[in-house]
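Listed here are the chains, written in short residue letters.
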There are 6 protein chains.
Amino acid sequence: MTVFNKISDKEASGKVKEIFDEIKEARQITEIPNFWKTMANSPETLERTWRSLQQVMKKGALAPEIKELIYVAVSITNACEYCIKSHTLAAKKKGATDEMINEMIAIVGMANETNRLVEGYQVEVDDFLK
Amino acid sequence: MTVFNKISDKEASGKVKEIFDEIKEARQITEIPNFWKTMANSPETLERTWRSLQQVMKKGALAPEIKELIYVAVSITNACEYCIKSHTLAAKKKGATDEMINEMIAIVGMANETNRLVEGYQVEVDDFLK
Amino acid sequence: MTVFNKISDKEASGKVKEIFDEIKEARQITEIPNFWKTMANSPETLERTWRSLQQVMKKGALAPEIKELIYVAVSITNACEYCIKSHTLAAKKKGATDEMINEMIAIVGMANETNRLVEGYQVEVDDFLK
Amino acid sequence: MTVFNKISDKEASGKVKEIFDEIKEARQITEIPNFWKTMANSPETLERTWRSLQQVMKKGALAPEIKELIYVAVSITNACEYCIKSHTLAAKKKGATDEMINEMIAIVGMANETNRLVEGYQVEVDDFLK
Amino acid sequence: MTVFNKISDKEASGKVKEIFDEIKEARQITEIPNFWKTMANSPETLERTWRSLQQVMKKGALAPEIKELIYVAVSITNACEYCIKSHTLAAKKKGATDEMINEMIAIVGMANETNRLVEGYQVEVDDFLK
Amino acid sequence: MTVFNKISDKEASGKVKEIFDEIKEARQITEIPNFWKTMANSPETLERTWRSLQQVMKKGALAPEIKELIYVAVSITNACEYCIKSHTLAAKKKGATDEMINEMIAIVGMANETNRLVEGYQVEVDDFLK
């Protein structure tokens, strides 16, 4: 084995069990997703990541489904399959429509294109942008 | 000179002048930003990029300021200074508040982190995500 | 077929066979891994990559397992599954513990996060860093 | 202004002042670096990032200077100038020698190369790596 | 389902059918590839992407097979399996030899390496490059 | 100082002087560019990188100016200013026209866009591509 195993719900104890219980309660699910089962190899990373995500993804000035769409936009740019799939699902559950997802993907495509046009032509920053 | 010069408003002619006029009209500005002045080295790229952005960034299922925030999120992930600065300004003009921008940046940070936690631990895609 | 086949140990001849023999000797293995079997499509790239890696990964000021962990950190950032798996295994063989790997992954996550916070907020380089 | 200002030590209050004081105490410095001054635009992000970094970068199974070198390796891969400069300095302060930094950079270069050789040739994962 | 289904040739209607017909005609194929079947979830993105690619990849100052090789070089750097495979095939069909592909991959590897050596050592831009 | 100084032509000795002389001879220049002056902090990296580039960039199945354009395409994708500028200049010196550079940049833009459309829609690899 070159990478880490998943820690099942039954194997969880101490800090890991505590966070697993929080996840199930907060998400209203009965089965822990593989992301968290795998993070459990490092209880410290599991706890910190869970608490950080709770803070960052909570309802704020941006609606929850918009936050998920931004999450997906970054994950697409980084080509993270798991992240794209899980946060696309989360976006849908929180109210994002197919139309919104289609529009988000189109923006991600164009931004990745113009980001490189800017580099390719070494565009100088305008004074009004400084 | 290793890269391309900017084409000023006065030097513009033909297709380039036509697009420059469209940009000034659509954006209600009198001075063409460096991005477009530089793209003008390839009239074909200038026109295609302008028309594509018009289509992608128009009001749709997502509000215009949200579209700009997604644009910035990708540009941050790709470290494109010009794009971050110009689309942050566009987001503000279209109504994005500092609070919304702060939240967007926090999400970009977390997504970039968890994207790599997923890779580092080689997290297996759950059945419910397939 | 859109990509390249593997060159098996038996098909190897000339420069390829020579490098395959060096790899088996240096690594104390009897079966050539797919990475090298595939590089063999370009004997020049095979030889240059093997010799370069021998130089870069040899014991130096950094311990061999630390070098492998740095290799994995980059591979995680680039989402290269093969590289993550093969260099995680190499790190373990050279003495890296699970605790060290967990800590490395946590750093990779945080670095990817703060790299983007720096871009998002366009943090100015301090004078003491210049 | 298209991006955020720095919050100076004198402007800091409440949560921001508290974290600024912790940073000065922990790092034994009298002037807050620009990274933290800028993060202070979002007190929540400031606090979370500071606490997360304290946890991740503390002495563990990996020596502090090694942790900094891994941080730099990721920052080089992402081309984050501020992060490269600040964490290279931190690595030196914690004991990393020029020789160690040179070796780390060489590994980052080679890993970025072979990551792409793997993609270019679409190398199949060996059974012993699964 | 967390992502989008493919739109089959039979389900296609209106704008989608029109573009599908153009693709089959231009490429002289009878079966639409998955890329286009999936883009069809957004008829607007389907049409814009197809027309943009037609423009960008047409014969110009660069030969068609060279254009495909550049496309593959970028796709390798971004680790996009589908894109690497489909554009490698396109390059071959348009006349790229295995030797040309091997050389392109070697360049992609070296460029990714020296790009990071430049960042790692923070190489200053020479006056003659400004 | 947080990063490395340049080694001037006058300070060069031993292996470094030898490579500097080779570079001046091969490139027919009298002043060593900053890239090599900085690599000289690690004579081993200097020599290996110089020899590797000589091998990879030599005339082969691909013309020298095409090799440089592929180098630039990768460097744009990675946003490496120094590399974009130096290899754009090299491409021009070897015969690349502005039209070729414009076309290359347009391809880099489109490839970066469609790479993300593929990820965003999680396009399935066609059987004919396997």
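Residues numbered from 1 in each chain as written. Chains lettered and ligands numbered in written order. Predicted model: local features only at pLDDT ≥ 70, side-chain atom pairs only at ≥ 80, totals over all residues.

### So, the relation of the copies chain B and chain D
Relative to chain D, chain B is turned by 120° and slid 0.0 Å along the rotation axis, the superposed coordinates differing by an RMSD of 0.0 Å. Expressed as a symmetry operation, the mapping of one chain copy onto the other fits a three-fold axis. A share of only 17% of the interface residues of chain B reappears at the interface of chain D, consistent with the copies meeting through non-equivalent patches. (Least-squares fit on C-alpha atoms with pLDDT ≥ 70 in both. Contact = placed C-beta atoms within 7 Å.)

### Structural notes on the relation of the copies chain D and chain C
For these two chains of identical sequence, chain D goes onto chain C by a turn of 180° and a shift of 0.0 Å along the axis, with RMSD 0.0 Å. A rotation of that kind, with that shift, is consistent with a two-fold axis. Residue by residue, 100% of the interface of chain D is reproduced at the interface of chain C, so both copies engage with the same surface.

### Here's the deal with helix 4 (residues 64–77) of chain C
The end-to-end C-alpha separation of helix 4 of chain C is 20 Å, in line with the 20 Å expected for 14 residues at 1.5 Å each. For helix 4 of chain C, every residue scored as buried is listed here: Ile66, Lys67, Glu68, Leu69, Ile70, Tyr71, Val72, Ala73, Val74, Ser75, Ile76 and Thr77 of chain C. Those residues of helix 4 of chain C that are buried are in contact with helix 6 (98–120) of chain B, helix 3 (43–57), helix 5 (81–93) and helix 6 (98–120) of chain C together with helix 4 (64–77) and helix 6 (98–120) of chain D. In the stretch just after helix 4 of chain C, Ala79 of chain C is the one whose phi turns positive, near 55°. (Helix = DSSP H or I, 4+ residues; strand = E, 2+ residues; numbered from the N terminus. Expected span 1.5 Å × (residues − 1). Buried ≥ 20, exposed ≤ 12 C-beta atoms within 10 Å, placed from the backbone.)

### Considerations on the packing of helix 1 (residues 14–27) of chain B against helix 3 (residues 43–57) of chain B
Residues and elements named next belong to chain B. Remark: helix 1 packs on helix 3, axes separated minimally by 9 Å, with the N-to-C direction vectors making an angle of 25°. Considered as vectors, helix 1 and helix 3 are oriented roughly parallel to each other. The interaxial crossing formed by helix 1 with helix 3 has left-handed handedness. In this structure, helix 1 uses Lys15, Val16, Ile19, Glu22 and Ile23 to contact helix 3, whose residues at the interface are Pro43, Leu46, Glu47 and Trp50. Residue classes in the contact of helix 1 with helix 3 are distributed as 6 nonpolar, no polar and 3 charged. (Axes fitted to C-alpha atoms, helices over the stretch in contact; angles between N-to-C directions. Parallel < 35°, antiparallel > 145°, perpendicular 65-115°, else oblique. Left-handed = near helix turned anticlockwise from the far one by under 90°. Nonpolar A, V, L, I, M, F, W, Y, C, P; charged D, E, K, R; others polar.)

### A few points about the environment of Asn41 of chain E
Mapping Asn41 of chain E onto the fold places it in the loop between helix 2 (34–39) and helix 3 (43–57). On a C-alpha basis, the gap between Asn41 of chain E and Ser75 of chain E in space is 23 Å, while along the polypeptide they are 34 residues apart. Beyond its immediate stretch of four places on either side in the chain, Asn41 of chain E contacts Asn102 of chain A, Phe4 and Ile7 of chain E together with Tyr121 of chain F.

### Regarding the interface of chain B and chain D
Contact residues are listed per partner, giving 6 residues for chain B and 8 residues for chain D. Looking at which element gives the most residues to the side of chain B that touches chain D, the answer is helix 5 (residues 81–93) of chain B, with 3 residues. Counted by class, the side of chain B that touches chain D contains 3 nonpolar, 2 polar and 1 charged residues.

### As for the interface of chain D and chain C
Counting from both sides, the interface comprises 55 residues of chain D and, opposite them, 55 residues of chain C. A breakdown of the residues in the side of chain D that touches chain C according to their chemical character gives 32 nonpolar, 15 polar and 8 charged.

### Some details on the environment of Ile105 of chain C
Residue placement: Ile105 of chain C occurs in helix 6. Considered as a pair, Ile105 of chain C and Thr77 of chain C are 28 residues apart in the sequence and their alpha carbons are 10.0 Å apart. With residues near it in sequence (within four places) discarded, Ile105 of chain C still touches Leu117, Gly120 and Tyr121 of chain B together with Ile76 of chain C.

### Brief notes about the confidence of the model for chain A
The predicted model of chain A averages 97 in pLDDT, with 99% of residues at 70 or higher. Complex prediction metrics read pTM 0.98 and ipTM 0.97. (pLDDT = per-residue confidence, 0-100.)

### Topic: helix 1 (residues 14–27) of chain F
Residues and elements named next belong to chain F. Relative to the 20 Å expected for 14 residues at 1.5 Å per residue, helix 1 spans 20 Å between its end C-alpha atoms, a close match to the ideal helical length. Among the residues of helix 1, Val16, Ile19 and Phe20 are the ones counted as buried. All buried residues of helix 1 project into a common sector of 105° when viewed along the axis, lining one side. Residues of helix 1 that are exposed and point more than 90 degrees away from the buried face comprise Gly14, Glu25 and Ala26. In the core, the buried residues of helix 1 are packed alongside helix 2 (34–39) and helix 3 (43–57). A positive backbone phi angle near 55° is found at Gln28, which sits one or two residues after helix 1. (Arc of directions from axis to C-beta.)

### So, the domain arrangement of chain A
Entries for chain A in the domain assignment read domain 1 (1–58) and domain 2 (59–130). One C-alpha centre belongs to domain 1 of chain A, the other to domain 2 of chain A, and the line joining them spans 26 Å. (Domains from an automatic or database assignment.)

### Concerning the packing of helix 3 of chain C against helix 6 of chain D
Closest axis-to-axis distance for the helix 3 of chain C/helix 6 of chain D pair is 10 Å, and the angle between their directions is 150°. By the angle between their axes, helix 3 of chain C is roughly antiparallel relative to helix 6 of chain D. In terms of crossing hand, the pair formed by helix 3 of chain C and helix 6 of chain D is left-handed. The residues of helix 6 of chain D that touch helix 3 of chain C, namely those facing Thr49, Ser52, Leu53 and Val56 of chain C, are Ala106, Ile107, Met110, Thr114 and Leu117 of chain D. Across the contact of helix 3 of chain C with helix 6 of chain D, the residue classes tally to 6 nonpolar, 3 polar and no charged.

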